[in-house]
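Structure at a glance
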Amino acid sequence: MRFLLVEDNAELADSVVQRLGLDGHAVDHAATLSDAEAHLEVADYDLILLDVMLPDGDGRDFLARSRDRINTPVIVLTARSQISDRVGALDQGADDYITKPFDFSELEARCRAVLRRRGGLARNEITLGAAVFEPNAGTLRHGDAVMDLRNREIRLLEVFARNPGQILSKSQLLDRLFSQDADVTENAIEVYVGRLRKKLDGAGVRIETVRGLGYRMSL
Amino acid sequence: MTRQGASDAARGVRPSWPIARKLTLFLAAIVALLALVSWGMVTSFAREAAGRTQDNILAASATSIAETLRSEGGQVRLELPYAAFSMLGAISEDRVFYRVAAGDDVLTGYADLEGPDVTPGEPSFGTLPYRDMNVRAVSVMRVILADGEAVPITVTLAQTRGGVRGIAAGLSRQAAYLSVAVFLLAVGMSAFAVRSSLRPLNTMAQHVSTRGPSDLRPLRRRGPPELMPLVRALNRLMDRLGGSIKRSEDFIAEAAHRVRTPLAIVRTQAEIALHSVEEEAQKQTLRRVIRAVDDSSRSASQLLDHAMVSFRADDLARERVDLPALAEGVADALRPTAEMKDIDIALAISPAEVEGDAILIQNALRNVLDNAIKYSPAETIVRVSVGNGGGEARIAVSDEGPGFGEEPAAHLMERFKRGDKVEGVVGSGLGLTIAEEALSAHGGRLELGRNVEGGGACVSLILPAA
Ligand SMILES: Nc1ncnc2c1ncn2[C@@H]1O[C@H](COP(=O)(O)OP(=O)(O)OP(=O)(O)O)[C@@H](O)[C@H]1O
Ligand SMILES: [Mg+2]
């Protein structure tokens with residue numbers, strides 16, 4: 001996905017850009033509202049991540065002002081989680097909000113939900129041997145069969161698909177996909193990998209166990 | 001209304017004497033005094049007038065008797081004129097006494113009747129006791145020449161006073177009736193006037209008390225000029241209150257921004273580092289950092305929410321709330337979170353309406369649904385049902401998680417109380433406290449139970465139906 005991050009704190013902006021980059025997203029950074037306007041004039045974004053307190057104005061005012069010109073979905077980053085504030089952000093035309101500090105898996109889940117609602121989730125096909133994986137639709141096509149994948153399976157398969165041939169340890173996968181979900185243990189990873197293997201069966205792609213190290217997808 | 005009364009008493013607002021009663025009583029006292037004084041005056045005028053009439057008639061009669069005095073052959077003679085007595089009879093049935101005397105020599109009449117002292121020319125009046133009665137007497141003196149000698153003749157005429165008193169009493173009674181009538185009328189009218197002139201005050205109070213909890217707009221109602229100082233003072237107070245609320249909100253916003261932005265940096269950096277470090281011990285440290293950040297952020301949010309809920313519960317908004325729409329909104333907001341765990345939120349909705357503060361109810365449901373998602377294992381279903389029955393509206397959230405176990409349910413609604421199976425799950429222990437407070441502000445309650453079908457928890461939000 002291609003993000004425009006509007007955030008005045010340079011350090012936070014840098015780390016968010018870097019962190020989203022790890023998941024394969026492209027992020028442009030604007031430090032002010034006017035900067036953001038300039039970016040929006042020259043480029044298209046899937047999503048805008050908008051801070052509320054900016055040096056040249058309130059992010060929500062910007063939202064109210066530009067809602068009819070700019071059709072890009074907006075997720076507001078608020079520092080306040082107060083009820084009235086949340087309601088306010090949504091009233092002013094934000095698609096969703098997330099409270100700082102945020103979990104990137106949750107941010108991603110919210111982005112997807114917003115894009116799905118807005119019909120803005122691009123088709124994105126990844127060929128895995130004889131099968132076609134569509135992470136945004138959550139399906140795996142193999143011949144005539146279309147299999148629905150569950151959210152966690154999708155995220156896991158995405159990581160494997162983006163890092164073919166690379167060994168991924170269980171704890172790496174754990175941190176990457178489930179960061180703070182307490183119920184996910186390394187055992188659970190085994191369960192999900194087992195399911196993916198079954199679904200990929202016969203497609204010519206395999207998720208191999210590398211003894212003591214983790215898993216590797218080989219095309 | 002009773003709630004209002006109770007809370008007024010609790011806040012120590014004890015009313016002094018009501019203005020309306022005070023004013024009415026004051027006006028009534030004045031009117032009573034005036035009525036009494038005017039009745040007294042009428043009574044004394046009546047008595048005086050009746051007395052004067054009697055005096056005039058007595059004088060006229062005595063004079064006409066004296067007129068008939070003449071001397072005949074050295075003898076003083078008189079004829080009692082009938083007219084003189086009929087004049088006296090006109091007043092009433094009063095008894096009449098007379099005496100005509102030349103010096104001490106009684107010519108005719110009642111010898112024992114002693115009139116007031118008299119000089120020739122002028123009649124003289126007096127009220128005196130006579131034969132156990134009180135009589136009004138007049139004496140007239142006339143000098144007659146008899147045998148070339150001037151003989152002073154005194155004519156004394158007396159009459160009892162019953163008739164005069166009767167007339168005066170009649171008049172006084174009439175005056176009393178009139179005074180009482182005027183008094184009653186005046187009291188009624190003053191009560192009415194007092195009430196209607198106090199009405200703008202009541203209207204204003206009504207206007208202020210029916211406002212929403214955060215409506216601090218100045219009063220714009222027209223009213224009598226006497227109320228303007230109060231209106232202005234109220235408006236100034238609301239202005240100041242609005243200002244200080246705004247300042248504290250700004251302060252909270254600024255503080256939250258200043259604290260949460262660096263926390264977000266720490267969390268993001270820790271996530272990035274987690275991607276690159278290899279060593280398990282380091283990873284563990286980073287996970288702990290993330291966990292601590294999440295804990296403090298959650299606590300701050302929940303503490304603020306709790307404060308906000310208490311504030312709003314103090315002065316509850318009363319608007320119609322459509323529970324199905326509210327439940328759908330909350331479910332939509334939490335669905336991305338649920339999806340991360342492959343949890344489905346299934347809604348079973350039938351119409352239900354309550355009266356209250358939508359934001360509070362929303363927050364209560366949000367906390368309950370958040371728990372259901374948070375404490376359930378992946379790939380399960382959380383069911384939210386909304387319905388109406390037996391005068392109550394109910395939103396039930398059931399999950400397939402571990403349930404509440406042996407923990408006594410009420411205990412979990414206390415501040416900062418968490419269950420014993422929560423290790424690894426971020427939380428502050430305020431969620432159920434907030435939900436319970438929001439519901440009881442509406443006269444509702446939170447029920448923690450067991451999900452009979454799925455084996456997990458079933459939490460019901462119960463509100464009186466609108
Ligand atoms: N659906 C549920 N299933 C099992 N246990 C629950 C459920 N809901 C609540 N609990 C228990 O009740 C306790 C109190 O819940 P509460 O929502 O008040 O606090 P919390 O979830 O720990 O923190 P937070 O304030 O962040 O919500 C929880 O710690 C948990 O042990
Ligand atoms: Mg909770």
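First, a word on scope: everything that follows refers to the structure included in this document. (Residues numbered from 1 in each chain as written. Chains lettered and ligands numbered in written order. Predicted model: local features only at pLDDT ≥ 70, side-chain atom pairs only at ≥ 80, totals over all residues.)

The next thing to look at is the interface of chain A and chain B. How big an interface is tends to be stated in terms of accessible area lost as the parts join. Listed as interface residues are 36 residues of chain A and, on the opposing side, 42 residues of chain B. The set of elements that each furnish at least two residues to the side of chain A that touches chain B consists of helix H1 (10-22), helix H4 (83-91), helix H5 (104-118), helix H6 (151-162) and helix H7 (170-178) of chain A. If one sorts the elements of the side of chain A that touches chain B by residue count, H1 of chain A sits on top with 7 residues. Classifying every residue of the side of chain A that touches chain B gives 13 nonpolar, 11 polar and 12 charged. (Contact = placed C-beta atoms within 7 Å. Helix = DSSP H or I, 4+ residues; strand = E, 2+ residues; numbered from the N terminus. Nonpolar A, V, L, I, M, F, W, Y, C, P; charged D, E, K, R; others polar.)

Another aspect to go through is the nonpolar core. All names here are of chain B. Of all hydrophobic cores here, the largest spans 42 residues; its most connected members are Ala364 and Leu369. Of all the elements in the fold, those that place two or more residues in this core are helix H7 (323-340), helix H8 (358-375), strand E11 (381-389), strand E12 (392-398), helix H9 (431-441), strand E13 (445-450) and strand E14 (457-464). No other element matches the 9 residues that H8 contributes to this core. Excluding residues within four positions of it along the chain, Ala364 makes contact with Ile434, Ala435, Ala438, Leu439 and Leu461. (Core = buried A, V, L, I, M, F, W, Y, C linked by C-beta atoms within 7 Å. Buried ≥ 20, exposed ≤ 12 C-beta atoms within 10 Å, placed from the backbone.)

With respect to the helices, strands and loops of the structure, Ala358 of chain B is situated in helix H8. The contact partners of Ala358 of chain B, leaving out residues within four places of it in the chain, are Glu319, Val321 and Leu326 of chain B.

Below, the discussion takes up the sheet that holds strand E14 (residues 214-218) of chain A. Residue and element names in this part refer to chain A. Here 3 strands make up an open sheet; going across it, the order is E12-E14-E13 and the pairing antiparallel. The sheet terminates laterally at strand E12 (167-168) and strand E13 (206-210), the two strands that pair on one side only. Sheet topology places E13 next to E14; 5 bridges connect them, and they run antiparallel. Within E14, the position partnered with Glu208 by the bridge is Arg216. (Pairing = 2+ DSSP bridges.)

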